[in-house]
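Commentary on secondary and tertiary structure
Below, each chain spelled out in residue letters.
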There are 2 protein chains.
Amino acid sequence: MEDHEHIVSAYEEELSSLNNKIARMGGLAEQVLGQSIDALQGRDPELAGNTIQQDEAIDALEKEIEEQAITMIARRQPLAYDLRQIMAALRISSDLERIGDLGKNIAKRALAVVEEQQPKQLMLGLRHMGELALEQLKEVLDAFIERDADAALKVWYKDEEIDAMYNSLFRELLTYMMEDPRNIGLCTHLLFGAKNIERVGDHATNIAETVYFLVHGKPVSEERPKGDNTSTTLPLQRSTG
Amino acid sequence: MEDHEHIVSAYEEELSSLNNKIARMGGLAEQVLGQSIDALQGRDPELAGNTIQQDEAIDALEKEIEEQAITMIARRQPLAYDLRQIMAALRISSDLERIGDLGKNIAKRALAVVEEQQPKQLMLGLRHMGELALEQLKEVLDAFIERDADAALKVWYKDEEIDAMYNSLFRELLTYMMEDPRNIGLCTHLLFGAKNIERVGDHATNIAETVYFLVHGKPVSEERPKGDNTSTTLPLQRSTG
């Protein structure tokens, strides 16, 4: 009996170490994303450069988590909830790694547009979108730590808002490009930046699905309302002489 | 002894079933990517619609592969080369799933631009890029099946070509937008389409790294030449009166 308890507690320790790594990785992903948006809005090449470097720590943590998870599966042969815990860590670390990459990409674009005049209106839209994505990321990581499927579902539903903001920003950027072709270079970078933030939202949604599955052992059954429709729309044509 | 042989052979069978699923998934990913580019170039909404649907089979296969891989790790507790085989299947299926998504996204953009006049020159550039990405995907999947690290390395180096094509297409598209603002809507979709193809190339490169690691048990040591620099460049400003 003592032996059994000993094993259980070692397993719990391993699991808690795995979860701590996810929490650390999540904190770093939040940091990279937040800083990349600050760097883009503030035209701050130094901050952008630091942010690009910080992404490396996220990649290293993903490798660590994967290695630990696989070792745990092989040694413990976990089933049901125990297995779902480890699989959740694996999946979430993969989403966080991609969020880190997206942040790094935004930081690179910040470097590219450092010299450009940035229209305040557009930057506010982008910043607002970025803040919402960051908030979604924080909430879904809390939901994971608390094993709170309801909180995860809230994040899942709220992604529609990011998509709606992306649609509106997408149209605004196209309009701005059409009004003055000298804006095209800058706006193209901002378009890709906005798309990156929209994808961060998608990864937060993935994490929400993972948390839901972890808790309930079944997938979210409803179809997520999919709000990004920019890939199937074109702007209104204007007469441009 | 007979028992041991029996176990080994059951393991081999499981592994071969796993590899068959990867091969099937790879075939489907090639199909989705190829068709999405055909649909974009041929302005074919029916083909685009079919392609979007076909991506579902890829997602389903990824889930199957993950489940089987995890079961194998838990039951067999494989080490060294055996473990690498299973991890390779897991990683490659994740890259293939993302390639399927990218193809689906290109098909959606094909739907969006179905009514647009498409400049031949630009479409040829996009098609050429798409064909190279498709070729890379085929070659790296063959390298996986043959466990041929040298062939994988060739794919790894060749990704630079896709990046170079993307850079040149990126500039061409911006120029085209600046010349006539009525092109902005179409060109934005083509920009995202080109970026999607460039990312397919990145996933083929990931698979190449996975194959190399599978065969040699150590990562590709050199730094990959990174050719996509569009996130840090701006087009030359033109006077647009």
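Residues numbered from 1 in each chain as written. Chains lettered and ligands numbered in written order. Predicted model: local features only at pLDDT ≥ 70, side-chain atom pairs only at ≥ 80, totals over all residues. Heavy atoms only, no water.

1. Examining the overall build of chain A
- Counting secondary structure elements, chain A contains six helices and zero strands.
- Secondary structure elements of chain A occur, N-terminal to C-terminal, as α-α-α-α-α-α.
- Out of the 241 residues belonging to chain A, those deemed buried represent 53%.
- Residue pairs at least 24 apart in sequence account for 85% of intrachain contacts in chain A once pairs closer than 6 positions are excluded.
- By element, 48% of the accessible surface of chain A is carried by carbon and sulfur atoms, the whole surface being about 10,900 Å². (Helix = DSSP H or I, 4+ residues; strand = E, 2+ residues; numbered from the N terminus. Buried < 20%, exposed > 50% of the residue type's maximum accessible area, 1.4 Å probe, protein only. Contact = heavy atoms within 4.5 Å. Areas by Shrake-Rupley, 256 points an atom, 1.4 Å probe, with all protein chains shown as cover.)

2. A closer look at the side chain of S36(B)
Residues and elements named next belong to chain B.
- Topologically, S36 is positioned in helix α1 (residues 2–42).
- Overall, S36 belongs to the buried group, its relative accessible area being 0%.
- At a separation of 2.8 Å, a polar atom in the side chain of S36 contacts the main-chain carbonyl oxygen of L33.
- For S36, the contacting residues outside a window of four places in its chain are T51, G103, I106 and A107. (Polar contact = N/O pair within 3.5 Å; in protein donor to acceptor, adjacent residues only side chain to side chain.)

3. Digging into the packing of helix α4 (residues 120–146) of chain A against helix α6 (residues 184–216) of chain A
All names here are of chain A.
- Contact geometry of α4 with α6 gives a least axis separation of 9 Å together with a crossing angle of 15°. Here α6 runs roughly parallel to α4, going by the angle between their axes. Our pair here, α4 against α6, has a crossing hand that is left-handed. Residue-level contacts link L122, M123, L126, M129, G130, A133, Q136, L137, V140, A143 and F144 of α4 to C187, L190, A194, I197, E198, V200, A204, I207, A208, V211 and L214 of α6.
- Partitioning the contact of α4 with α6 into residue classes produces 19 nonpolar, two polar and one charged. (Axes fitted to C-alpha atoms, helices over the stretch in contact; angles between N-to-C directions. Parallel < 35°, antiparallel > 145°, perpendicular 65-115°, else oblique. Left-handed = near helix turned anticlockwise from the far one by under 90°. Nonpolar A, V, L, I, M, F, W, Y, C, P; charged D, E, K, R; others polar.)

4. Some words on the environment of V211(A)
All names here are of chain A.
- Here V211 is to be found in helix α6.
- Placed 59 residues apart in sequence, V211 and A152 show a C-alpha to C-alpha distance of 6.5 Å.
- Among all residues touching V211, those that are not within four sequence positions of it are V140, A143, F144, D148, A149 and A152.

5. Some remarks on the pattern of salt bridges
Residue and element names in this part refer to chain B.
- This model, assessed by the stated rule, comprises 20 salt bridges over all chains.
- When the shortest N-O distance is used, the salt bridge between E14 and R75 registers 3.8 Å. On the criterion of sequence distance, the pair formed by E14 in helix α1 and R75 in helix α2 (residues 45–76) is long-range, its members being 61 residues apart.
- Note that D55 is salt-bridged to K104, the shortest N-O span being 3.7 Å. (Salt bridge = Lys/Arg side-chain N within 4 Å of Asp/Glu carboxyl O.)

6. Considering helix α5 (residues 149–179) of chain A
Residue and element names in this part refer to chain A.
- With 31 residues, α5 extends 46 Å from end C-alpha to end C-alpha; this agrees with the ideal 45 Å at 1.5 Å per step.
- Largest kink in α5: about 25°, centred on Y157.
- Between the side-chain oxygen of the N-cap and the backbone nitrogen of D150 there are 3.1 Å, and the N-cap of α5 in question is D148. (Expected span 1.5 Å × (residues − 1). Bend = angle between axes of the 7 residues up to and from the residue.)

7. Overview of the side chain of N196(A)
Residue and element names in this part refer to chain A.
- Examined against the element boundaries, N196 turns out to sit in helix α6.
- A residue is classified by how much of its surface remains accessible, and N196, at 6% relative accessible area, is buried.
- Polar side-chain contacts of N196 include one of 3.0 Å to the side chain of N105.
- Excluding its chain neighbours within four sequence positions, the residues that come into contact with N196 are L102, N105, I106 and R109.

8. Here's the deal with the packing of aromatic side chains
- The full count for this structure, using the stated rule, is seven aromatic pairs over all chains.
- Between W156(A) and Y157(A) the ring centres are 5.1 Å apart and the planes differ by 80°, which places this aromatic pair in the edge-to-face class.
- Members of the aromatic cluster, joined through ring pairs, are Y166(A), F170(A), F192(A), Y166(B), F170(B) and F192(B).
- Between R84(A) and the ring centre of F213(A), over which it is positioned, the NZ or CZ distance is 6.0 Å.
- Across the ring face of F144(B), the terminal group of R147(B) is positioned such that the distance to the ring centre comes to 4.4 Å. (Phe/Tyr/Trp six-rings, centres within 6.5 Å; stacked < 30°, edge-to-face > 60°. Lys NZ or Arg CZ within 6 Å of the ring centre and 35° of its normal.)

9. Some thoughts on unusual backbone geometry
Residue and element names in this part refer to chain B.
- Although it is not a glycine, A80 sits at a positive phi angle of roughly 45°.
- One can find A80 in helix α3 (residues 80–112).
- When its relative accessible area of 53% is taken as the criterion, A80 is described as exposed.
- Not every positive phi belongs to a glycine, and R147 is a case in point at roughly 50°.

10. What to know about a negative patch on the surface
All names here are of chain A.
- On the surface, a cluster of negative charge is made up of E139, D142, E146, D148 and D150.
- Ranked by residues supplied to the negative patch, first place goes to α4 with three residues.
- Its location among the elements puts E146 in helix α4.
- Take E146: its relative accessible area is 59%, and that puts it in the exposed class. (Patch = residues over 30% accessible without salt bridge, like charges linked within 9 Å, V, L, I, M, F, W, Y side chains within 5 Å. Lys, Arg positive; Asp, Glu negative; His and termini not counted. Charge placed at Lys NZ, Arg CZ, Asp CG, Glu CD.)

11. What to know about the environment of A194(B)
Residue and element names in this part refer to chain B.
- Looking at the element boundaries, A194 is found in helix α6 (residues 184–216).
- Taking the C-alpha atoms as reference points, A194 and I162, separated by 32 residues in sequence, lie 9.9 Å from one another.
- For A194, the contacting residues outside a window of four places in its chain are L126, M129, Y166 and L169.

12. Here we look at the packing of α4(A) against α5(A)
Residues and elements named next belong to chain A.
- In the contact formed by α4 and α5, the axes pass within 10 Å of each other and the chain directions differ by 165°. In terms of axis orientation, α4 runs roughly antiparallel to α5. Regarding α4 and α5, the two cross each other, and that crossing is left-handed.

Keep in mind that these numbers describe shape and distance, not what the molecule does.
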